[in-house]
Amino acid sequence: MKNWRETYRVLADDLTARGLDVAQIKASLKTQRVETPSWGYADSGTRFKVFRQRGAARTAYEKLADAAQVHKYTGIAPSVALHIPWDKVDDYAHLMSYAQGLGLQLGAINPNLFQDEEYMLGSLCHPDAAVRRQAINHCLECVEIAVTVGSNIISLWLADGTSSPGQDSIRGRKHRLLEALHEVYAAMPAPMCLLIEYKFFEPAFYHTDLGDWGMAYLMAEKLGDRAQVLVDLGHHPLGTNIEQIVALLIDEGRLGGFHFNNKKFADDDLTVGSINPYELFLIFNELIDGERDPQVTMDVAYMIDESINIKPKIESMLQSVINVQEAYAKALLINRDKLAEAQAAGRVVEAEETLLDAYRTDVRPLLAAVREEMGRAPDPITAFRASGYYEKVCAERIPEEGAGAGYPGA
Ligand code: LRH
Ligand code: MN
């Protein structure tokens, strides 16, 4: 955006004329934080092919170096989620200090209970107690890693389910799952939280043990206050109203976090906001509604979970962080008093138009001003490209056989 400063001045006057507090909006934007996924910087693909990308990160250290670029240019991505064993290292304390040297913290620890040979029939839900023990021990190892790196989040997704009718007892699996989760929960030192991520199918194709928000919520309720539900935007049947699920979990005090990404069909893990930016805006509308309600306490982990197969990964991650920022900025422009009045009076079109006034506002000049005031690049992608970092890592990182991030096929 060439002359964004002039455009920003006009926008700020317009927002003030619309009765909005520009200084307050900018202050909120400066406190926004989004965690990026280590696995988003490494080679990934589909079951058909993982296309290797020149310059893709191959080790936990290289993933952190790339994540530091995203934080350098946006200013709002200071932490990175790890996936174990994809990010397994000999010395996690050393990895933590390396991250701190880059201005980063290590965030959510993601156990991996979907790649060991023993997990064909499940992990924590497996009929064989020895396999369940193996899975529980991996989660306990992840709790230890979280303690070592100063993380307070265990982010758990289970591939567990069945792929043919009758394969296993659905209630039996539920009992095994709860027993195992109680042991993991008890091992987490407060205030560490367990985020339970649900998904309606894949890799299981008949039933999934944690198949929707209700099943994850039920488990959280049975475990305790430090168990919450994680909403991955790619884990719902088409047509699902995700912002309604978000509003409900906020109201029940069980919204623990997000895996932001986008989809057209299934769990596509595409760049955030690249397919349905209006949905992301409506989700942030519910989040702000909750934040503004004194009855509601929220402690939400905003995280990205994307696997980019074609685009250069760092640029896609920059797009994703910027799109999360834009969705929040647009939602902050909603005149909430006007919205509440229209809703109460049943003036439905006026209510929708109040949302659209905000959504249709081009917030890029506002974000450019906020970034500059944070000492960051008004236009992160252009600044990153001008840095030559990508060319540098392409030259340095000669793809090695089997050096993928642990992503299947990588
Ligand atoms: C499962 C999932 C989960 C991660 C994986 C990389 O589809 O969303 O969050 O463990 O992707
Ligand atoms: Mn996810």
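Residues numbered from 1 in each chain as written. Chains lettered and ligands numbered in written order. Predicted model: local features only at pLDDT ≥ 70, side-chain atom pairs only at ≥ 80, totals over all residues. Heavy atoms only, no water.

Student: I'm lost on the overall build of the protein in this one. Help?
Tutor: Helices and strands together make up the secondary structure of the protein, namely 15 helices and ten strands. For 410 residues, the compact-globule formula gives about 22 Å, and the C-alpha radius of gyration of the protein, at 22 Å, lands near that figure. The proportion of buried residues among the 410 residues of the protein is 55%. Across the protein, every contact between residues at least 6 apart in sequence was considered, and the portion connecting residues at least 24 apart equals 79%. Surface exposure of the protein reaches about 17,800 Å², of which carbon and sulfur atoms provide 53%. (Helix = DSSP H or I, 4+ residues; strand = E, 2+ residues; numbered from the N terminus. Rg over C-alpha atoms; globule rule 2.2 N^0.38 Å. Buried < 20%, exposed > 50% of the residue type's maximum accessible area, 1.4 Å probe, protein only. Contact = heavy atoms within 4.5 Å. Areas by Shrake-Rupley, 256 points an atom, 1.4 Å probe, with all protein chains shown as cover.)

Student: I'm lost on the pairing of strand β4 (residues 153-157) in this one. Help?
Tutor: Consecutive residues of a regular strand have side chains that alternate between opposite faces of the sheet. With five of its five residues buried, β4 lies for the most part within the structure. Going residue by residue along β4, you find I153, S155 and W157 tucked away on one face and I154 and L156 tucked away on the opposite face as well. One ladder, built from five bridges, connects β4 with strand β6 (residues 193-197); its direction is parallel. Each residue of the ladder has a partner; that of I154, found in β6, is L194. (Pairing = 2+ DSSP bridges.)

Student: What am I meant to see in the packing of aromatic side chains here?
Tutor: The description of an aromatic ring pair rests on the distance of the ring centres and on the angle between the ring planes. Taken as a whole, this structure holds 18 aromatic pairs when the rule is applied. Pairing F260 with F284 gives two aromatic rings, centres 5.8 Å apart and planes at 25 degrees, and the pair type is stacked. With F260 in strand β9 (residues 255-260) and F284 in helix α9 (residues 277-291), this residue pair connects regions lying 24 residues apart in the sequence. One aromatic cluster is present, built from ring pairs that chain together F258, F260, F284, Y302 and Y328. (Phe/Tyr/Trp six-rings, centres within 6.5 Å; stacked < 30°, edge-to-face > 60°.)

Student: Explain the coordination of the manganese ion (ligand 2) to me, please; I cannot follow it from the model alone.
Tutor: Put simply, a metal with four donors set out as a tetrahedron has ideal angles of 109.5 degrees, and one with six donors set out as an octahedron has ideal angles of 90 or 180 degrees. Listed as protein donors to the manganese ion (ligand 2) are E197 (OE), D232 (OD), H259 (ND1) and D305 (OD); their distances from the metal cover 2.1 to 2.2 Å. Bound by six donor atoms, the manganese ion (ligand 2) shows angles of 72 to 171 degrees at the metal and therefore octahedral coordination geometry. Counting the intervening residues between successive donors of the manganese ion (ligand 2) yields the motif E-x34-D-x26-H-x45-D. With a gap of 27 residues between them, D232 in strand β8 (residues 227-232) and H259 in strand β9 connect regions that are remote in the sequence. There is no split in this pair, since D232 and H259 are both buried. (Donors = N, O, S within 2.8 Å, 3.2 Å for Na, K, Ca; no water. Tetrahedral: all angles 85-135°; square planar, octahedral: opposite > 155°, others 65-115°.)

Student: What am I meant to see in unusual backbone geometry here?
Tutor: Glycine aside, residues mostly have negative phi angles, and peptide bonds mostly take the trans form. With an omega of 20 degrees, the peptide bond between I84 and P85 qualifies as cis. Tracing the sequence through the fold places P85 in the loop between β2 (79-84) and α4 (92-101). Geometrically, the link from E202 to P203 is a cis peptide bond, its omega value of 5 degrees lying close to zero. Within the secondary structure, P203 sits in the loop between β6 and β7 (207-208). Residues other than glycine seldom take positive phi values, yet E202 does so here, at roughly 70 degrees.

Student: In this structure, what is going on with the site of ligand 1? I would like to understand it.
Tutor: Looking at ligand 1, the residues that line it are W39, H83, W157, E197, K199, D232, H235, H259, D267 and D305. One of the side-chain N or O atoms of D267 is found 2.9 Å from an oxygen atom in ligand 1. Its free accessible area being 300 Å², ligand 1 has 93% of it covered by the protein chains. (Near = heavy atom within 4 Å. Polar contact = N/O pair within 3.5 Å; in protein donor to acceptor, adjacent residues only side chain to side chain.)

Student: Explain the packing of helix α5 (residues 129-149) against helix α6 (residues 170-187) here, please?
Tutor: Helix-helix packing is characterised by the crossing angle of the two axes and by the distance between the axes. Here α5 crosses α6 at 25 degrees, and the two axes come no closer than 10 Å. The angle between α5 and α6 falls in the class roughly parallel. In the crossing of α5 with α6, the sense of the turn from one axis to the other is right-handed. The residues of α6 that touch α5, namely those facing R132, R133, I136, C139, L140 and V143, are R176, A180, E183, V184 and A187. Tallied by class, residues from the contact of α5 with α6 come to seven nonpolar, no polar and four charged. (Axes fitted to C-alpha atoms, helices over the stretch in contact; angles between N-to-C directions. Parallel < 35°, antiparallel > 145°, perpendicular 65-115°, else oblique. Left-handed = near helix turned anticlockwise from the far one by under 90°. Nonpolar A, V, L, I, M, F, W, Y, C, P; charged D, E, K, R; others polar.)

Student: Help me understand the side chain of H259 in this model?
Tutor: Of the residues examined, H259 reaches a relative accessible area of 2% and is grouped as buried. Those residues within four positions of H259 in sequence are excluded, and the remaining contacts are N110, S155, E197, L230, V231, D232, L233, M303 and D305.

Student: For this particular structure, what's the right way to read the pattern of salt bridges?
Tutor: When charged atoms on two side chains of opposite charge get close, those side chains can pair. One pass over the structure, following the stated rule, counts 23 salt bridges. Residue R18 pairs with D14 through a salt bridge whose shortest N-O separation is 3.0 Å. We classify R18 as partly exposed; its relative accessible area is 28%. Put simply, R58, E62, D66 and R397 are held in one network by salt bridges that share partners. (Salt bridge = Lys/Arg side-chain N within 4 Å of Asp/Glu carboxyl O.)

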